[in-house]
Amino acid sequence: MIVVNKNCIMKSAKTFIFALLLTLLAGGTTSCEKTIDFESDVQPELCLSSVAVVGEPLEAYVSHSLPSDEAYNFEAFPNYNEQQRKYYLDQLAIKDATVKLTVNGDTTYDLTYNADTAYYVCTYVPKAGDRLVLTAQAQGYDPVQATTVVPEAVPVAQLQCETLYDQVDPDLRRQEAMAGFDIWGIDSIARITFRFTDPPEQQNYYRLLVRSVGRYYYFSTATANSVCDVFNSADPIFYDALITRSYHSWPVYFQNVFDDHLVDGRCSYPVTVESRLRRADLERYIRLELQSITPELYEYLKSIRHYEMGNRSDVYADPTVIYTNVEGGWGIFGALNARPVTIWLQR
């Protein structure tokens, strides 16, 4: 029996969305001679996941791990998000845990469970420089703990944007439509250039969010948003040799989380990215955030991308270990700080 790390991560309305890793791993290996079954007495452990976002009340998820032979394959169902949420609430969420947050070693907050969102919540609002210790315990599980320090924001400057004609590849559109992915992109892209200054004499970690949004009508009067976070860039800061295949339209060898080993201490470093525009009847814009993230969140996001884009369906690939900084269990506790910029575009 293999224990699967059931991490979940929050994304607020401005930054992260809830992402729960619920993937069916192969429970056995088949050869031409014999199938080998194996068992172990590994017990479920607590999963504690939270991202402290500057300016927003802290929220956390508490759940438990699962053995691979009990994991659930949501991709076999068309209503993925609803199936995922229902399974999390019914089978994984721990709703009576004791969750506490200690800020800078002297102030403690109790987090309470919110049945509507499945979050544990408190009134603390993260600030840059705060040192946070998050703990959780529940009956039948060993207690867990994780620590992070909220980073300083790094603003973008000298932002420029131009729109260019760029036809969508018909084959790619058909593939995406069949897979239920991006079908609302139009034959135009936004090319955005900005600059940022990396703080010197320290290791810094970043995630670049480039969210293309188009608001449109459906059923005559109702409206909806077409949203896509996929973008591309030729800048070497995004290069990742371990991502050997495209996944959900993200380019090969591309990673939108990066460290500063190529730009350490650089003043006004230029970055150019391209994002496909969306169908829009009402308004069209791009939200750009250069997020300063903690080392723990950086390692977690990279490991998730390596799993999803690099070897998810390759039976010959080396296994990917999902990063965790939770002592005694699984999950992620990180933080981010950003100053978002909205670029309004013509419809």
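Residues numbered from 1 in each chain as written. Predicted model: local features only at pLDDT ≥ 70, side-chain atom pairs only at ≥ 80, totals over all residues. Heavy atoms only, no water.

Caption draft 1: Spotlight on the overall build of the protein. When its secondary structure is counted, the protein shows three helices and 22 strands. By residue count, 45% of the 347 residues in the protein fall in the buried class. Counted over contacts in the protein with a minimum sequence separation of 6, partners at least 24 positions apart contribute 71%. Put simply, the protein shows about 18000 Å² of open surface, and 49% of that area lies on carbon and sulfur atoms. (Helix = DSSP H or I, 4+ residues; strand = E, 2+ residues; numbered from the N terminus. Buried < 20%, exposed > 50% of the residue type's maximum accessible area, 1.4 Å probe, protein only. Contact = heavy atoms within 4.5 Å. Areas by Shrake-Rupley, 256 points an atom, 1.4 Å probe, with all protein chains shown as cover.)

Caption draft 2: How the structure looks around the pattern of salt bridges. Under the defined criterion, the tally for this structure stands at eight salt bridges. Between arginine 191 and glutamate 274 there is a salt bridge, with its nearest N and O atoms 2.8 Å apart. Of the two residues, arginine 191 is situated in strand E15 (residues 185–196) and glutamate 274 in strand E19 (residues 269–278); the sequence distance between them amounts to 83 residues. Overall, the relative accessible area of 22% leaves glutamate 274 in the partly exposed class. Sharing partners across several salt bridges, the network here consists of Glu162, Arg191 and Glu274. (Salt bridge = Lys/Arg side-chain N within 4 Å of Asp/Glu carboxyl O.)

Caption draft 3: Spatial organisation of the sheet that holds E19. The sheet built from three strands is open, its strands ordered E14-E15-E19 with antiparallel pairing. Edge positions in the sheet fall to strand E14 (157–165) and E19, since each has one partner strand and no second. Neighbour-to-neighbour, the strand axes of the sheet open up by a mean angle of 20°, direction not taken into account. Here nine bridges tie E15 to E19, and the two strands are oriented antiparallel to one another. Paired with phenylalanine 196 across the strands is tyrosine 269, a residue of E19. (Pairing = 2+ DSSP bridges. Axes fitted to C-alpha atoms, helices over the stretch in contact; angles between N-to-C directions.)

Caption draft 4: Broad picture of the nonpolar core. In this structure, Phe196, Leu208 and Phe238 are the most contacted members of the largest nonpolar core, which totals 27 residues. Apart from residues no more than four positions distant in its own chain, leucine 208 is found in contact with Phe194, Phe231, Phe238, Asn256, Phe258, Val273, Leu288, Glu289 and Leu290. Core analysis: the next-biggest nonpolar cluster, separate from the first, contains 25 residues, Leu46, Leu48, Leu58 and Val326 among them. (Core = buried A, V, L, I, M, F, W, Y, C linked by side-chain atoms within 4.5 Å.)

Caption draft 5: Layout of the pairing of strand E13 (residues 144–149). Of the two faces of E13, the one holding Val144, Ala146 and Thr148 is buried and the one holding Gln145, Thr147 and Val149 is not buried anywhere. Two strands pair when backbone bridges link them, and strand E12 (residues 131–137) and E13 are joined in this way by six bridges, in the antiparallel orientation. Looking at E13, one finds that valine 133 is bridged to threonine 147. Connecting the antiparallel pair E12 and E13 is a turn made up of six residues, with glycine 140 showing a positive phi of about 90°.

Caption draft 6: Fine view of the side chain of asparagine 325. Within the secondary structure layout, asparagine 325 lies in the loop between helix H3 (295–310) and strand E21 (330–337). Of the residues examined, asparagine 325 reaches a relative accessible area of 13% and is grouped as buried. Engagement of the side chain of asparagine 325 in a polar contact is seen with the backbone oxygen of phenylalanine 333, the distance being 2.9 Å. In contact with asparagine 325, not counting residues within four places along its chain, are Gln145, Ala146, Thr147, Glu296, Gly331, Ile332 and Phe333. (Polar contact = N/O pair within 3.5 Å; in protein donor to acceptor, adjacent residues only side chain to side chain.)

Caption draft 7: Broad picture of the pairing of strand E17 (residues 222–228). Across seven bridges, strand E16 (residues 205–218) lies against E17 in antiparallel orientation. Residue pairing in the sheet places tyrosine 217 in a bridge with threonine 223 of E17. What sits between E16 and E17 in their antiparallel hairpin is a turn of three residues, with phenylalanine 219 showing a positive phi close to 55°.

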